[in-house]
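# Tertiary structure, described
This is what each chain is made of:
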Amino acid sequence: MNLVLDVALTHVRARARQTLVAVAGVATGVGFSIMMAALLQGSQEDFIRQLVNAMPHVAVSDERRAPPPQPAEEVYDAARIHGLKPEARRRGIKNPLATMASIEAWVPGAVAPSVKVQGILRYASRDVATSIVGIDPNREPLVSELPKQIRQGSLGALYTATNALILGDRLAEKIGARLGSKLTVQTSDGIRLTAQVVGLFRSGVRQVDDTTAYALVKTGQILAGQTGLVNELRLRLDDALAAPAAAARIERETGYKSVAWQEASEDLLNAFVVRNVIMYTVVGAILLVASFGTYNIISTITHEKARDIAIMKSLGLPERTVRRIFVLEAGVIGVVGALFGFVLGYALCVAVGSIEITNPFTDVTHIPISWSPRHYAMAAAVAVVSSLVAGLLPARRAARVHPVEIIRGAT
Amino acid sequence: MTVMAEGPPRETAAAGGPPLLEARGVTRVLPGIVPTTLVHDVDLIIGANELVAITGPSGSGKSSLLYLLGLLDLPTAGEVLIRGQATAAMSEEERAHTRLATLGFVFQFHFLLPEFSVLANVTLPMRALGALPPKAMRDRAMELLGALGLADHAGKRPDQLSGGQRQRVAVARALANDPPLVLADEPTGSLDSQASEQVFEILRDLVRARGKTVIAVTHDLEIARRMDRRIALMDGAVVGDTIRETS
Ligand SMILES: Nc1ncnc2c1ncn2[C@@H]1O[C@H](COP(=O)(O)OP(=O)(O)O)[C@@H](O)[C@H]1O
Ligand SMILES: [Mg+2]
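Thresholds applied
- Residues numbered from 1 in each chain as written.
- Chains lettered and ligands numbered in written order.
- Predicted model: local features only at pLDDT ≥ 70, side-chain atom pairs only at ≥ 80, totals over all residues.
- Heavy atoms only, no water.
- Salt bridge = Lys/Arg side-chain N within 4 Å of Asp/Glu carboxyl O.
- Helix = DSSP H or I, 4+ residues; strand = E, 2+ residues; numbered from the N terminus.
- Buried < 20%, exposed > 50% of the residue type's maximum accessible area, 1.4 Å probe, protein only.
- Near = heavy atom within 4 Å.
- Polar contact = N/O pair within 3.5 Å; in protein donor to acceptor, adjacent residues only side chain to side chain.
- Axes fitted to C-alpha atoms, helices over the stretch in contact; angles between N-to-C directions.
- Parallel < 35°, antiparallel > 145°, perpendicular 65-115°, else oblique.
- Contact = heavy atoms within 4.5 Å.
- Nonpolar A, V, L, I, M, F, W, Y, C, P; charged D, E, K, R; others polar.
- Domains from an automatic or database assignment.
- Buried area = accessible area lost by both parts, 1.4 Å probe.

## Some points on the pattern of salt bridges
The final tally for this structure, using the stated rule, is 26 salt bridges over all chains. The closest approach of N and O atoms between R234 of chain A and E140 of chain A, which form a salt bridge, is 2.7 Å. Note that R234 of chain A is positioned in strand β9 (residues 232-237) and E140 of chain A in helix α5 (residues 140-143), a separation of 94 residues in sequence. Residue E140 of chain A is classed as buried on the basis of its relative accessible area, which comes to 1%. The residue D228 of chain B makes a salt bridge to R208 of chain B at a minimum N-O spacing of 3.1 Å. Remark: R208 of chain B occurs in helix α6 (residues 193-210) and D228 of chain B occurs in the loop between α7 (221-225) and β9 (229-234); sequence separation between them is 20 residues.

What follows is the structure, given as structure tokens:
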């Protein structure tokens, strides 16, 4: 066996109990770091999953990010036109069916159209401002969770009556409408029609349940006073993470503003960045504290072994070799600690993951845990590196010991 | 007890080439409010195959001089040369390597590593030098231990041996890398007379049979008288350098 390793292991073995304490310190640090990382990332992933499920992955609206360039600007570089009011355009996505077909041709996922109109619902002389969203009941299930959110009636019931509506449950409660109630819808353009409640839904998002009513696309178009109007396409992709790329391509190809869920939820995702910074700081602190134990034992060993160090140096072992012995001892503690920490971390994850949580909207679930080898690698790397650093400080001191002083002291 | 003949044949005193060990104006002053001079302006030339005693009263600087000659300590003035090579300007690593390859130390206390077996203690300098394959290191260590009458104790820990046995293990360790020069600081100082005699004979045989040079600090005048050359120290300075007339 290598001399350095031999001496290092002999020192460590001769102090089994102290070494075990240091190893336990590192293992605890590594174990809890793994659990914390798994828990934080697990809850983050779970939250994003819910968020992603609650909204379209990409929303293509009939807006454009920049006002259309003036023809003169396109022709002459020097031309700059100020103070122009943008020309009033016809609303809606042009050729919605063709646009949808062209997107569907390449995008891995589904597309559904919708028409959004602002209106007033009137029932029993109560007026409530409402967003009426015209949808296609055949396509809607492919892009949203609406079918699962229906509490009474069904999505297909939209076909069963003229101007059928599915109301948010809180909206229905507010105006006192029930299944089958007939009510009046009116828009600011003066269009008014009679509609019938054929279903109630509850998304769990209060603002939506308070103000949204679903109808057929056709009903929406009538309310908007524009046949063939579609002002939003919503996409659900097979891979939610591919949304920004898909959004960019759609925007490039169609010119319509396409917003990926990541862009729409930027604030939220930024909050996760803060959370991750906090997590890494805490995990780093835990492991740093664990390395104090390593520092402690290596310091103790170098003090106890001052005589042996003097002997080895007097025989002609260079400082480098002496230093390596103690750094290696610290490394052994770090590595063994990390291995035990893996076991502890895994056990903690299993234990925490089996805790049940209940929530009024969903079925019983478990605390979300993310299983990632990255957490193990990260905790181990930090633990081993901090152990090595913790060992290096006393090792350097030990290596500089002047053998004569100790040999004299013993004589 | 005799040590079996092995290694280079007896060399005759330096013919031509630089001497094995040379001290030129070596001085060691301990800094402090009142600086202490441990060794003062020592000039020495020690050749191959010499058996040298350093004598002097307690506190006369014998150990200090030996540490300087053995490159364990650095002189504040002057220079120690090994085979003509200056050592003061060497890096710590070069000096360590020179100690490992050309010097063997035996101290008053055996200074063996307590957690290692006798065999492991003897192979340690060989492993640090790394010049031999592991099997050859073991064989050489066993041979040295056998020659010093310790073959049966190779697997024991140092604390299972008597003082004389431990000191002989220390000698075996000093010889591990077959250095031309062995330095001993009162090697018999903590032994009874019988064990002292045994260790002395071993050191003498290193010179007689193995062609080594041994420099031993001793305050045992009886033993010093039986050495080939005696260097007397007083207050850190050499006050006598006598060569015994071979009878
Ligand atoms: N670190 C030190 N601090 C103060 N005095 C010292 C130190 N080391 C050695 N001395 C003194 O230097 C002198 C020489 O010591 P030493 O070389 O050990 O002598 P010897 O081996 O001949 O007994 C002694 O008087 C000793 O007390
Ligand atoms: Mg002394």
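Okay, back to it.
## Considering the site of ligand 1
Close to ligand 1 lie R408 of chain A together with L30, L38, P57, S58, G59, S60, G61, K62, S63 and S64 of chain B, which account for all nearby residues. Around ligand 1, the nearby residues trace back to chains A and B. A distance of 3.1 Å is found between an oxygen atom of ligand 1 and a backbone nitrogen or oxygen belonging to G61 of chain B. The contact in question runs from an oxygen atom of ligand 1 to an N or O atom on the side chain of S63 of chain B, over 2.7 Å. A per-element tally of the shell around ligand 1 places helix α1 (residues 62-69) of chain B first, with three residues.

## A short note on the packing of helix α13 (residues 306-315) of chain A against helix α2 (residues 92-102) of chain B
Interhelical geometry of α13 of chain A versus α2 of chain B gives an angle of 80° and a closest axis separation of 7 Å. Classified by the angle between their axes, α13 of chain A and α2 of chain B sit roughly perpendicular to one another. Note on element contacts: α2 of chain B touches α13 of chain A through E92, R99 and L100 of chain B, opposite K313, S314 and L315 of chain A. Its residues placed into classes, the contact of α13 of chain A with α2 of chain B shows two nonpolar, one polar and three charged.

## Description of the domain arrangement of chain A
Residues and elements named next belong to chain A. Parsing chain A into structural domains produces domain 1 (2-52 + 269-407) and domain 2 (58-66 + 90-261). For domain 1 and domain 2, the distance between their C-alpha centroids amounts to 54 Å. Contacts between domain 1 and domain 2 engage five residues on the former and five residues on the latter. Across the interface of domain 1 and domain 2, roughly 410 Å² is buried in total on both sides, 77% from carbon and sulfur atoms. Across the contact surface, domain 1 and domain 2 share zero salt bridges. The interface formed by domain 1 and domain 2 holds zero residue pairs in polar contact (both at pLDDT 80 or more) in total. For the side of domain 1 that touches domain 2, the leading source of residues is helix α2 (residues 16-54), giving three residues.

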